[in-house]
Amino acid sequence: MSRASLNKDPREVAGMFDTVARRYDLTNDVMSGFQVRAWRAVTRAAVGAGPGMKVLDLAAGTGTSANDYALAGAQVVACDFSIGMMQEGKRRYPELQFVAGDATALPFADDAFDVVTISYGLRNVNDTLAALRQMYRVTKPGGRIVIAEFSTPTTPVVRESYKWFLGHVMPPAARVFSSNVESYDYLAESILSWPNQEALAQLMLAAGWRQVAYKNLSGGIVALHQAVKPSA
């Protein structure tokens, strides 16, 4: 079995996701109590994909969200560094454009997209600030970034309950539903070590983004961050 370490070596992380690709979406549904579908709906509304828009979906995985944006009429590129995830995505959505790429060195031209979005993938990148700067580079002036990511629950009760869930519920659930139990040990560790909402907002500002704001979902278990690339 393959898992990644918290140094987030791209080869380790990509290899880990390769092993869970086939059952990844099912496992996410079950482990989130199907809340991930509500979180995806909020993210989809924030992206606001529509005809004539160019959308880059980073860490696109099997293309579940990218397909939604395409169905809304947008021109979508689904980008991921896990070949296994993209192969599964191409099997499900053969009409989608999948491109292999590392978030810290995106293979796209400057000012290419109206919206860049990433869901539950930013914390797996080994240099968060570099990734935010790359996303800034490929976004058109006046364009937007939308980030959905696990975050820090806003109350002590929810925080402690969530830690208990990650340590005591996720491992046995992974043994039932996932093809790679060890990968979910990494995922739990990566969630707990991830910066909180304000810290991520500050990183976005440091990368050049402006009008940075976030919205807590499910009491801060997930946070939706948004920002704009200045028109000037």
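Residues numbered from 1 in each chain as written. Predicted model: local features only at pLDDT ≥ 70, side-chain atom pairs only at ≥ 80, totals over all residues. Heavy atoms only, no water.

Caption draft 1: The arrangement of the overall build of the chain in detail. What the chain contains, in helices and strands, is 9 helices and 7 strands. Sorting the 232 residues of the chain into buried and exposed places 50% on the buried side. Once local pairs closer than 6 in sequence are excluded, the contacts in the chain between residues at least 24 apart make up 68%. For the chain, the accessible surface area stands at approximately 10,000 Å², while carbon and sulfur atoms represent 55% of it. (Helix = DSSP H or I, 4+ residues; strand = E, 2+ residues; numbered from the N terminus. Buried < 20%, exposed > 50% of the residue type's maximum accessible area, 1.4 Å probe, protein only. Contact = heavy atoms within 4.5 Å. Areas by Shrake-Rupley, 256 points an atom, 1.4 Å probe, with all protein chains shown as cover.)

Caption draft 2: Examining the side chain of H225 more closely. Relative to the assigned elements, H225 resides in strand β7 (residues 222-228). According to the relative accessible area criterion, H225 is buried, its value standing at 2%. Within polar-contact distance, the side chain of H225 engages the backbone oxygen of Q197 at 3.1 Å. Ignoring any residue separated from it by four or fewer positions in sequence, one finds H225 in contact with I145, V146, I147, Q197, L200, A201, M204, A213 and Y214. (Polar contact = N/O pair within 3.5 Å; in protein donor to acceptor, adjacent residues only side chain to side chain.)

Caption draft 3: Region of interest: the UniProt feature "binding site: S-adenosyl-L-methionine" (unreviewed entry) in the chain. Summarizing the sequence annotation, UniProt attributes the feature "binding site: S-adenosyl-L-methionine" (unreviewed entry) to T62, D80, D102, A103 and S119 in the numbering used throughout. Structurally, the position occupied by T62 is in the loop between β1 (54-58) and α4 (64-71). When you line up the elements, D80 lands in strand β2 (residues 75-80). Aside from chain neighbours lying at most four places away, what touches D80 is A59, A60, G61, M86, V99, A100 and G101. A distance of 2.8 Å separates a polar side-chain atom of D80 from the backbone nitrogen of S82. (UniProt positions renumbered as here; feature names shortened; annotations may be inferred.)

Caption draft 4: A look at the packing of aromatic side chains. With the rule as written, the count across this model stands at 5 aromatic pairs. Aromatic pair W39 and Y120: ring centres 6.4 Å apart, planes at 45°, arrangement tilted. With W39 in helix α3 (residues 35-47) and Y120 in the loop between β4 (113-119) and α6 (128-138), this pair connects stretches of sequence that are 81 residues apart. Judged on exposure class, the residue W39 and its partner Y120 are both buried. Over the ring of Y136 we find K229; its NZ or CZ atom is 4.8 Å from the centre of that ring. (Phe/Tyr/Trp six-rings, centres within 6.5 Å; stacked < 30°, edge-to-face > 60°. Lys NZ or Arg CZ within 6 Å of the ring centre and 35° of its normal.)

Caption draft 5: Layout of the pairing of strand β3 (residues 97-100). Pairing between β2 and β3: 4 bridges, direction parallel. By the bridge assignment for β3, C79 is matched with V99. As a crossover connection, the stretch from β2 through helix α5 (residues 83-92) into β3 is right-handed. (Pairing = 2+ DSSP bridges. Right-handed = clockwise from strand over helix to strand, strands pointing away.)

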